[in-house]
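Structure assessment
Here is what each chain is made of, one letter per residue.
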Amino acid sequence: MTQKVATDRVLDLRSLLNDLVNAGRMSQEDANLLQGANRNRQQAAMHPLAYIASQTVEDLSRPGKLLDSETLTHWLAERANLPVVHIDPLKIDVSQVTSVVSYAFAKRHNILCVDVTPDEVVIACAQPFVAGWEPQVEHVARRRVRRVFANPADIDRFSIEFYTLARSVSGASGGPGASGATNFEQLVELKTLGDPDADDKHIVNIVDWLLQYAYDQRASDIHIEPRREVARIRFRIDGVLHDVYELPASVAMAVVSRFKVLGRMNIAEKRKPQDGRIKTRRSDDSEVELRLSTLPTAFGEKLVMRIFDPEVLLRSFHDLGLVGEDFARWEGMTNKPNGIVLVTGPTGSGKTTTLYSSLRKLATSEVNVSTIEDPIEMVEESFNQTQVHHKIDLNFAAGIRTLMRQDPDIIMVGEMRDLETSQMAVQAALTGHLVLSTLHTNDAPATIARLLDLGVPAYLINATLLGVMAQRLVRTLCPHCKEPGSIAREEWGALVMPWKVNMPELVYRPVGCLECRNTGYLGRQGIFEILVLSDSLKQLITEGCDLQALRKQAMREGMRTLRLSGAQKIAAGLTTLEEVLRVAPPQ
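Since the model is a prediction, treat every value here as computed from it, not as a measurement. (Residues numbered from 1 in each chain as written. Predicted model: local features only at pLDDT ≥ 70, side-chain atom pairs only at ≥ 80, totals over all residues. Heavy atoms only, no water.)

Looking only at helices and strands, the protein chain has 24 helices and 19 strands in total. Principal-axis analysis of the C-alpha atoms gives the protein chain an extent of 90 × 60 × 45 Å. Here the protein chain, with 587 residues, has 52% of them falling under the buried criterion. The contacts in the protein chain between residues at least 6 apart in sequence include a share of 65% that link residues at least 24 apart. On the protein chain, roughly 27,200 Å² of surface is accessible, and the fraction owed to carbon and sulfur atoms is 49%. Mean positive and mean negative side-chain charge positions of the protein chain (67 and 73 charges, respectively) differ by 3 Å. (Helix = DSSP H or I, 4+ residues; strand = E, 2+ residues; numbered from the N terminus. Buried < 20%, exposed > 50% of the residue type's maximum accessible area, 1.4 Å probe, protein only. Contact = heavy atoms within 4.5 Å. Areas by Shrake-Rupley, 256 points an atom, 1.4 Å probe, with all protein chains shown as cover. Lys, Arg positive; Asp, Glu negative; His and termini not counted. Charge placed at Lys NZ, Arg CZ, Asp CG, Glu CD.)

Spelled out as structure tokens, the structure:
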């Protein structure tokens, strides 16, 4: 039922402060300070709840905690007898909710529609004691109104974003703006969205929103997938794809064209795949690079953009989860003056991040570090990077051959994918260089078989290979909401029983909160399987290599399998059994 309020009462700072004092949540001294403060014009325009949250006042009912926006939102909602809703843009149909009321009406009444069902519209309000607008909304929407309370700052922010996006999509659907931009800019500065009623370039606005939104959601990839009538936009967040929005097919085509222009791609060519790059500058003045890839499909060009955020790509080894004995073994291999060190795993397993982090540590002023990559995933000033160009026959093998004449100390090869590249890497290692590269194999011992399959002789593997690290990425439990749980002994058996390792029954399980968008997971870390080639292991590497014997010997010498490494992360309260079983291959 619609909740009616007898007399509308707009929140004001004085009464809100008095209520907090009477509720035992704030001291009278703090209330007097906030009431008597000389607020500037910007602060005076703030919602009183947002202003109080911005002043870092202690919550007397929770010693050591502050009256932050989330706490104040729940407190006020309880007083108004309204449920609290957290506005999650990934779960809202923007075109539907913005069609209920106009932006001017929503702004005037500090409301935002967050859901529409056949029977009701759910309206988030920032003024819980004002309900005079309800009859008008019910008349226009022809549905009953269910009021909820949300963080006023969220209502203000998402009102602008949702209505701006809806207007841009609508404008782009029917006007010449759908043709895309014509300038070849390389650096895209993402601006803050302005007034939705202001005149704007619709496609440019949609592109700006899409990129900024992806950065805010910590996305690693953006997918624009054309269908018959619409195009679906999805983000990959912590390794999992999420639906974000649906654009009309004509608008999506124009958005893809805009990205192709920015990436210096041929917008007239839609029949064959293309690759491009964009460097963007965010509103906070930080730079992020994107790698673009288009693919012709039945309904048009599909565009995937890989986001290379320096804060994510160049992380410390501790952030990567490479610590303790694993880090010591990895550091021992990469600090050798010559030889080959390989990182293996499927696409998206963090190989590039590991190599970049290692190269940054190795690239001191005393050494020359050079790379040959396809493509250069992020430009790093501390070493020399070369891009593969197949059209001019600059492949990995030719790149290594050239780098050998550039007086290198350390060479990073993007991937050892064929015999010629492998032979050149071996030659570089034999002539006194440290070579780092990647391969696509399931685990570390399988890398030996892969090199043999490529045609590298066993004696050259023994002479040059220092070690192999296989890795995967598991989602880590959200530290804000994880709860204690348990794992039975037989469940541990899927990971560690063959090695008779004692593991605890008490672990943690995902719950879900605002910080992790109710997924229970926040961020990712690596699990690692590190094989260091010892003399005894080299004796087992022959043309008809027995991988099982090699694996057992490596484990006797301290190698932990991916699943065992994952089990230790579970025991430490960092991830879950389901996550490890999802990404780690069976042994």
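Moving on: the sheet that holds strand β15 (residues 434-439). Spatially, β13-β12-β14-β15-β11-β16-β19 is the arrangement adopted by the seven strands of the open sheet, whose pairing is mixed. Each of the sheet's edge strands pairs with one partner strand only, and the pair in question is β13 (384-387) and β19 (521-532). Pairwise comparison of adjacent strand axes, ignoring direction, gives a mean angle of 20 degrees for this sheet. Where strand β11 (residues 339-344) and β15 come together, six bridges link them in parallel fashion. Bridge pairing in β15 links Val341 to Leu436. (Pairing = 2+ DSSP bridges. Axes fitted to C-alpha atoms, helices over the stretch in contact; angles between N-to-C directions.)

Moving on: the confidence of the model for the protein chain. The predicted model of the protein chain averages 85 in pLDDT, with 90% of residues at 70 or higher. Counting interchain partners and residues more than four positions distant, the pLDDT-below-50 stretch residues 1-6 has 17 contacts. A low-confidence stretch, residues 175-186 (pLDDT under 50), is modelled with 18 contacts involving residues beyond four sequence positions or located in other chains. (pLDDT = per-residue confidence, 0-100.)

Moving on, we get to the pairing of β15. Here β15 lies mainly inside the structure; six of its six residues are buried. Judged by which residues are buried, β15 turns out to be covered on both faces: Leu434, Leu436 and Thr438 on one side and Val435, Ser437 and Leu439 on the other are all buried. In this structure, strand β14 (residues 410-413) lies alongside β15, joined through four bridges in parallel fashion. Within β15, the residue paired with Ile410 across the bridge is Leu434. Viewed along the sheet, the connection from β14 through helix α17 (residues 419-430) into β15 turns out right-handed. (Right-handed = clockwise from strand over helix to strand, strands pointing away.)

Quick look at the UniProt feature "domain: Bacterial type II secretion system protein E" (unreviewed entry) in the protein chain now. Under the UniProt annotation, "domain: Bacterial type II secretion system protein E" (unreviewed entry) lies at residues 404-418. Overall, residues 404-418 shows 0% helix and 27% strand. The separation of its end C-alpha atoms is 19 Å. (UniProt positions renumbered as here; feature names shortened; annotations may be inferred.)

This brings us to the packing of helix α10 (residues 202-216) against helix α11 (residues 249-262). Between α10 and α11, whose axes approach to 10 Å, the crossing angle comes to 75 degrees. If you check the angle between α10 and α11, you find them roughly perpendicular. Contact with α10, carried on its side by Ile203, Val204, Ile206, Val207, Leu210 and Leu211, involves Val251, Ala254, Val255, Arg258, Phe259 and Leu262 of α11 and no other residues of that element. Tallied by class, the residues present in the contact of α10 with α11 amount to 11 nonpolar, no polar and one charged. (Parallel < 35°, antiparallel > 145°, perpendicular 65-115°, else oblique. Nonpolar A, V, L, I, M, F, W, Y, C, P; charged D, E, K, R; others polar.)

This brings us to helix α15 (residues 351-362). In a regular helix each residue adds 1.5 Å, so 12 residues correspond to 16 Å; α15 covers 17 Å between its end C-alpha atoms and thus fits that length. Every buried residue of α15 is accounted for by Lys351, Thr353, Thr354, Leu355, Tyr356, Ser357, Ser358, Leu359 and Leu362. (Expected span 1.5 Å × (residues − 1).)

If you look at the biggest cluster of nonpolar residues, it comprises 91 residues, and the most contacted ones within it are Ile224, Phe235 and Phe259. It is α10 that contributes the most residues to this core, nine residues altogether. The contact partners of Phe259, leaving out residues within four places of it in the chain, are Val207, Leu210, Leu211, Ile224, Ile278, Leu292, Leu303 and Met305. Of all hydrophobic cores here, the second largest spans 52 residues; its members include Ile400, Leu452, Leu533 and Leu564. (Core = buried A, V, L, I, M, F, W, Y, C linked by side-chain atoms within 4.5 Å.)

The next thing to look at is the pattern of salt bridges. Opposite charge on two side chains permits pairing when their charged atoms draw close. For the coordinates displayed, the defined rule picks out 28 salt bridges. The closest approach of N and O atoms between Arg218 and Asp238, which form a salt bridge, is 3.1 Å. Placement of the pair is Arg218 in the loop between α10 and β5 (219-226) and Asp238 in the loop between β6 (230-237) and β7 (240-248), with a sequence separation of 20 residues. By relative accessible area, Arg218 is classed as partly exposed at 40%. Residue classification places Asp238 among the buried residues on the basis of a relative accessible area of 11%. Where Arg232 meets Glu225, a salt bridge forms, and the shortest distance between an N and an O atom there is 3.2 Å. (Salt bridge = Lys/Arg side-chain N within 4 Å of Asp/Glu carboxyl O.)

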